[in-house]
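Examining the three-dimensional arrangement
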Amino acid sequence: MADATATMTMDKGLDHTIIGESTKSFIDGQKGVLEYVGIDIDSLARESTFEETTFLLWNDRLPDADELDAFTNRIRSQYDLPDGMWDALRGLPHDAPPMHVLQTMVAMLAAYDADCDVQSREAEESKAIRILAATPTIIANFDRLRRGLDIVRPSADDTMAESFLRMLNDETPGTATARALDVCLILHADHGINASTFATMVAIGTESDMYSAITAAIGTLRGPLHGGANERVMRMLQGIDGLDAIEDFVLGRLSRKEKVPGFGHRVYKAIDPRATYLKTFAESIATETSNLELFKMSRKIEEIMESQVGAKGIHPNVDFYSATTYFSMGLAIDLFTPLFAMSRNAGWAAHAMERLEDNRLIRPRCQYTGPHGVEYRVDA
Ligand code: ACO
């Protein structure tokens with residue numbers, strides 16, 4: 001039987017396949033460089049805000065002051081949820097995984113958008129703004145509801161980071177904590193065609209809508225090989241009986257060929273620049289919040305991993321030190337990945353809108369290895 005795939009190259013993890021051109025993020029995995037639209041991640045983390053970085057990713061340039069004001073106001077005008085969505089949020093089981101809650105609620109936003117099926121750059125950007133703006137409201141208030149607390153509506157005076165923290169804790173966040181979260185949002189905003197961004201592109205590539213594309217991405221980010229690793233890192237740290245137990249723990253895992261969460265990356269073979277930044281961050285916030293032991297444990301895991309598998313290019317990734325950072329901020333562990341999604345909304349939408357400018361349906365093949373001509377017969 002003729003098999004058209006016989007002459008094609010198998011690339012199971014798409015490691016060697018380029019699926020298009022992009023101006024959004026550049027990664028040099030050998031040198032540990034990450035740039036958004038040509039600007040080094042370090043400069044953005046020091047100088048920018050999450051809102052400004054989002055504008056950059058969506059427009060391929062930084063905004064001037066008036067443009068940033070207008071963009072920020074557009075986001076803030078969409079912080080609140082339609083009444084029916086508040087009711088739905090209240091009705092969800094309190095033990096539901098927050099990533100599933102987020103995925104459900106983002107899909108629900110589509111039901112409240114009369115322009116859901118309008119396909120233009122402007123319409124897609126409006127949808128992306130709704131998703132971006134509603135995400136902190138959804139995550140923070142689901143956490144409140146499951147703690148038996150009343151909802152706190154968002155304030156249009158807040159940045160996204162401030163808004164999330166104010167709703168979560170029902171108090172004005174400290175400037176340093178809000179800025180720390182803002183920097184984390186910048187660092188996680190985009191990262192080339194990672195698994196969840198690819199999911200976004202597969203969905204938008206069918207000319208489906210932004211809500212469908214981002215719900216696909218949220219489900220993909222949740223996996224422990226991707227964004228779900230930050231939760232795994234924290235649970236691993238909590239499961240180790242102090243600094244003295246670390247060496248045996250790590251060596252034991254490696255000898256059983258079990259992966260250590262928060263290490264390794266498909267693209268980076270040098271240290272992930274986001275991890276370098278987050279490490280400094282984790283140390284200062286852990287010190288301020290009496291979680292230094294946690295940071296020291298992370299450092300020791302890193303040291304042992306470096307001596308054992310560093311030469312193979314396995315180093316800490318973005319998830320390793322973000323776990324200590326978020327935990328020290330007082331966040332529940334199962335909110336770590338939703339926070340990642342809150343930030344990555346920016347990158348998902350950037351790539352979806354970029355793809356629509358020059359779209360081609362994504363439709364790979366697989367090599368069929370099953371039988372042919374099998375007779376239809378059901379045994380009695
Ligand atoms: N701990 C120990 N060994 C590892 C790790 C790790 N975290 N990661 C990779 N390796 C080893 C593998 O065992 C394998 O060894 P071998 O050649 O002796 O068989 C080798 O490195 C290659 O690993 P692969 O899994 O084939 O590499 P791949 O490019 O597919 O993996 C991945 C990348 C999935 C991120 C992997 O490193 C991993 O599972 N890490 C742990 C989970 C994690 O932290 N994910 C978050 C990634 S960042 C992000 O998505 C936001």
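From a predicted model like this one, the values you see are computed outputs, not experimental measurements. (Residues numbered from 1 in each chain as written. Predicted model: local features only at pLDDT ≥ 70, side-chain atom pairs only at ≥ 80, totals over all residues. Heavy atoms only, no water.)

Section: the packing of helix α2 (residues 50–59) against helix α6 (residues 121–146)
When two helices pack together, their arrangement is captured by the angle between the axes and the distance separating the axes. Going by this rule: The angle between two axes is taken between their N-to-C directions and runs from 0 to 180 degrees, where each axis is a line fitted to C-alpha atoms and a helix contributes only its stretch in contact. In this text, helices come from DSSP runs of H or I with a minimum length of four residues, and strands from runs of E with a minimum of two, each type numbered from the N-terminal end. Angular relationships are summarised with four words: roughly parallel below 35 degrees, roughly antiparallel beyond 145, roughly perpendicular across 65 to 115, and oblique for the angles in between. Crossing chirality is assigned from the near helix's rotation relative to the far helix, an anticlockwise turn below a right angle marking it left-handed and a clockwise turn marking it right-handed. Contacts: residue pairs with any heavy atoms within 4.5 Å of one another. When residue character is reported, Ala, Val, Leu, Ile, Met, Phe, Trp, Tyr, Cys and Pro are called nonpolar, Asp, Glu, Lys and Arg charged, and the others, Gly included, polar.
Relative orientation of the contacting elements α2 and α6 amounts to 155°, with a least axis distance of 13 Å. Comparing the axis directions of α2 and α6 gives the class roughly antiparallel. The hand of the α2/α6 crossing is right-handed. For the pair α2 and α6, contact is made by Phe-50, Thr-54, Trp-58 and Asn-59 and by Arg-121, Glu-125, Ala-128, Ile-129 and Leu-132, respectively. In terms of residue class, the contact of α2 with α6 is made up of five nonpolar, two polar and two charged.

Considerations on the environment of Ile-240
Tracing the backbone shows Ile-240 in the loop between α11 (229–239) and α12 (246–255). With 124 residues separating them along the chain, Ile-240 and Cys-116 place their C-alpha atoms 47 Å apart. With residues near it in sequence (within four places) discarded, Ile-240 still touches Ala-245, Ile-246, Phe-249, Met-297 and Ile-301.

Describing unusual backbone geometry
To keep it simple, the criterion reads: For every residue, the accessible area (1.4 Å probe, protein chains only) is compared with the maximum for its type, and the residue is labelled buried under 20%, exposed over 50%, or partly exposed between those bounds.
One non-glycine residue, Leu-14, lies in positive phi territory at about 50°. Note that Leu-14 resides in the segment before β1 (25–28). For Leu-14, a relative accessible area of 32% corresponds to the partly exposed category. At Glu-207, a position not held by glycine, the phi torsion is positive, near 65°. Structurally, Glu-207 is set in the loop between α9 (195–204) and α10 (210–221). Residue Glu-207 is classed as exposed on the basis of its relative accessible area of 52%.

Thoughts on the nonpolar core
Definition in use: We call a set of buried Ala, Val, Leu, Ile, Met, Phe, Trp, Tyr and Cys residues a nonpolar core when their side-chain atoms join them within 4.5 Å.
Judged by nonpolar contacts, the single largest core of 106 residues is most densely connected at Trp-58, Ile-138, Phe-164, Leu-181 and Ile-301. For Ile-301, the residues in contact, after removing those within four places along its chain, are Met-236, Leu-237, Ile-240, Ile-246, Val-250, Val-260, Phe-263 and Phe-320.

Re the packing of α6 against helix α7 (residues 160–169)
Where α6 meets α7, the closest approach of the two axes is 8 Å, and the angle between their N-to-C directions is 20°. Taken together, the axes of α6 and α7 are roughly parallel relative to one another. Seen from above, α6 lies across α7 with right-handed handedness. Along the contact surface, α6 presents Leu-132, Pro-136, Thr-137, Ile-139, Ala-140, Asn-141, Asp-143 and Arg-144, while α7 presents Met-160, Phe-164, Met-167, Leu-168 and Asn-169. A breakdown of the residues in the contact of α6 with α7 according to their chemical character gives eight nonpolar, three polar and two charged.

Section: the site of the ligand
Using the following cut-off: By convention in these notes, a residue is near a molecule or strand provided one of its non-hydrogen atoms lies within 4 Å of it. Here a polar contact means two N or O atoms within 3.5 Å. Within protein one must be a hydrogen donor candidate and the other an acceptor candidate, and residues neighboring in sequence count only if both atoms are side-chain atoms.
Neighbouring residues of the ligand: 21 residues in total, closest His-226, Lys-259, Val-260, Phe-263 and Arg-266. Contact between the ligand and Arg-266: an oxygen atom at 2.8 Å from a side-chain N or O atom of the residue. Between the ligand and Lys-312 there is a distance of 3.0 Å, counted from an oxygen atom to a side-chain nitrogen or oxygen. Of the residues belonging to the shell around the ligand, the class tally is eleven nonpolar, five polar and five charged.

Topic: the pairing of strand β2 (residues 33–36)
The condition that has to hold: If DSSP finds at least two bridges between two strands, the strands pair.
Every second residue of β2 is oriented toward a common face, the buried set being Leu-34 and Tyr-36 and the non-buried set Val-33 and Glu-35. In the sheet, β1 pairs with β2 via four bridges, with the strands oriented antiparallel. Note that in β2 the partner of Phe-26 across the bridge is Glu-35. As consecutive antiparallel partners, β1 and β2 are separated by four residues, and within that stretch Gly-32 has a phi angle of approximately 75°, a positive value. Bridge count for β2 against strand β3 (residues 39–40) is two bridges, and the pairing is antiparallel. Bridged to Glu-35 within β3 is Asp-40. Here β2 hands over to β3 after two residues, with Val-37 in that stretch at a positive phi of 45°.

A closer look at the pattern of salt bridges
Applicable threshold: A pair is scored as a salt bridge if a Lys or Arg side-chain nitrogen falls within 4 Å of a carboxyl oxygen belonging to Asp or Glu.
Tallying each qualifying case throughout the model produces 25 salt bridges. Each of the salt bridges in this network shares a partner with another, and the network as a whole consists of Arg-74, Arg-121, Glu-125 and Glu-357.

So, the packing of aromatic side chains
This is how the line gets drawn: Think of it this way: a Phe, Tyr or Trp ring, Trp meaning its six-membered ring, pairs with another when their centres are within 6.5 Å, and the plane angle makes it stacked under 30 degrees, edge-to-face over 60, tilted otherwise.
Under the definition given, this model contains seven aromatic pairs. Summarising the aromatic geometry, the rings of Phe-263 and Phe-320 are spaced 4.6 Å apart at their centres and angled 55° between planes, so their arrangement reads as tilted. Residue Phe-263 is found in the loop between α12 and α13 (273–288), and its partner Phe-320 is found in helix α15 (residues 318–328); the two are separated by 57 residues along the sequence. The pair Phe-263 / Phe-320 is uniform in exposure class, with both members buried. Taken together, a centroid distance of 4.9 Å and an interplanar angle of 75° make the contact between Phe-320 and Tyr-321 edge-to-face. For the residue pair Phe-320 and Tyr-321, the accessibility class agrees, reading buried in each case. Three or more aromatic residues joined by ring pairs form one cluster here, namely Phe-263, Phe-295, Phe-320 and Tyr-321.

Such coordinate-based values are descriptive only and should not be taken to indicate function.
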